[in-house]
Amino acid sequence: RLARDAGLPSWALNAGRAMFPSRSAMVLFELVEHALGDPDIAMTVVGRHQVGELDLFDYLFTTAGTLREGLETDSRYLHLVTTRLERGVEAETDRETTYSYRQAEPGGRGEDLCLQFSVAALYARARAATGHPVRPVRIAFAQAAPRSHRRLAEALGTRNVDFDAPISTLTFSARDLDLRMRGAEPGLARILNRYAASLAAPPPVTWHGHFQLLLARSIEAG
């Protein structure tokens, strides 16, 4: 029902390797927050995510040698899982590296929730992939401060969370970035990177694409 309210037809949920419009993702977050009465819905969703659910994108991350290499790979292939977000290195010293997040388009409350999800998911993936209690040095959000951000701070592993920043950032210490990944496999990582480099971004979910798929299946079935 919520997907339908967000403008996603039922067939779109079975579209295979295709990407929903970023606007739909933001609207969905708003609808779910309202339906569940959960202002921390982004953290709830992150808590349900398991590494591997994002298929190739996750394994590119987990087979990297170090957390730093995994984050570099993530940024390089982010277009395989979203057109909503860009992440890059904003500042770097020998002690820490700050990564910035930029939204492709504004989206009000939905944009805020999507960004919280993206930052918290990255932190959760870093902990899972390294097997260590990685802790961000500090985090800044380019959004107004909520009434309470206790659960957000708990999910992010730090109380150094600022709001109303000019840009959203996440800073890791060099010590944490140099942690070795539990699933590090240099050979497999090279193979996966070569494969990922050959892929275009998934096509958008459209009615025309759905029609073409059904037509092809009908022709094959005679």
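Computed from a predicted model, the values in this text were never measured in an experiment.

A.B. asks: Explanation requested: the packing of aromatic side chains in the structure shown.
C.D. replies: By convention here, two paired aromatic rings are described through the distance between centres and the angle between planes. Going through the model one piece at a time under the given rule, you end up with three aromatic pairs. Each ring, one from Phe-29 and one from Phe-117, has its centre 5.9 Å from the other, and the planes form 50 degrees; the classification is tilted. Taken together, the residues span a long stretch of sequence, with Phe-29 in helix 2 (residues 22-36) and Phe-117 in helix 6 (residues 108-130) at a distance of 88 residues. With a relative accessible area of 13%, Phe-29 lands in the buried category. Among the residues examined, Phe-117 registers a relative accessible area of 23% and is labelled partly exposed. Sitting above the plane of the Phe-61 ring, Arg-125 keeps its charged end 4.4 Å from the centroid.

A.B. asks: Which parts of the structure should I look at to understand the pattern of salt bridges?
C.D. replies: A side chain of one charge can pair with a side chain of the opposite charge if their charged atoms are brought near each other. With the rule as written, the count across this model stands at 11 salt bridges. Two residues, Arg-68 and Glu-92, come together in a salt bridge whose shortest N-O distance is 3.3 Å. One end of the pair, Arg-68, is in helix 5 (residues 67-76); the other, Glu-92, is in strand 1 (residues 85-92), and 24 residues separate them in sequence. Under the relative-accessibility criterion, Arg-68 is labelled buried at 18%.

A.B. asks: Looking at this model, I keep getting lost on the side chain of Ser-100. Mind explaining?
C.D. replies: Mapped onto the secondary structure, Ser-100 falls in strand 2 (residues 96-103). Of the polar contacts made by the side chain of Ser-100, one reaches the side chain of Glu-90; its length is 3.0 Å. A distance of 3.1 Å separates a polar atom in the side chain of Ser-100 from a polar atom in the side chain of Arg-102. Aside from chain neighbours lying at most four places away, what touches Ser-100 is Glu-86, Arg-87, Gly-88, Glu-90, Ile-167, Ser-168 and Thr-169.

Analysis parameters
Residues numbered from 1 in each chain as written. Predicted model: local features only at pLDDT ≥ 70, side-chain atom pairs only at ≥ 80, totals over all residues. Heavy atoms only, no water. Phe/Tyr/Trp six-rings, centres within 6.5 Å; stacked < 30°, edge-to-face > 60°. Helix = DSSP H or I, 4+ residues; strand = E, 2+ residues; numbered from the N terminus. Buried < 20%, exposed > 50% of the residue type's maximum accessible area, 1.4 Å probe, protein only. Lys NZ or Arg CZ within 6 Å of the ring centre and 35° of its normal. Salt bridge = Lys/Arg side-chain N within 4 Å of Asp/Glu carboxyl O. Polar contact = N/O pair within 3.5 Å; in protein donor to acceptor, adjacent residues only side chain to side chain. Contact = heavy atoms within 4.5 Å.

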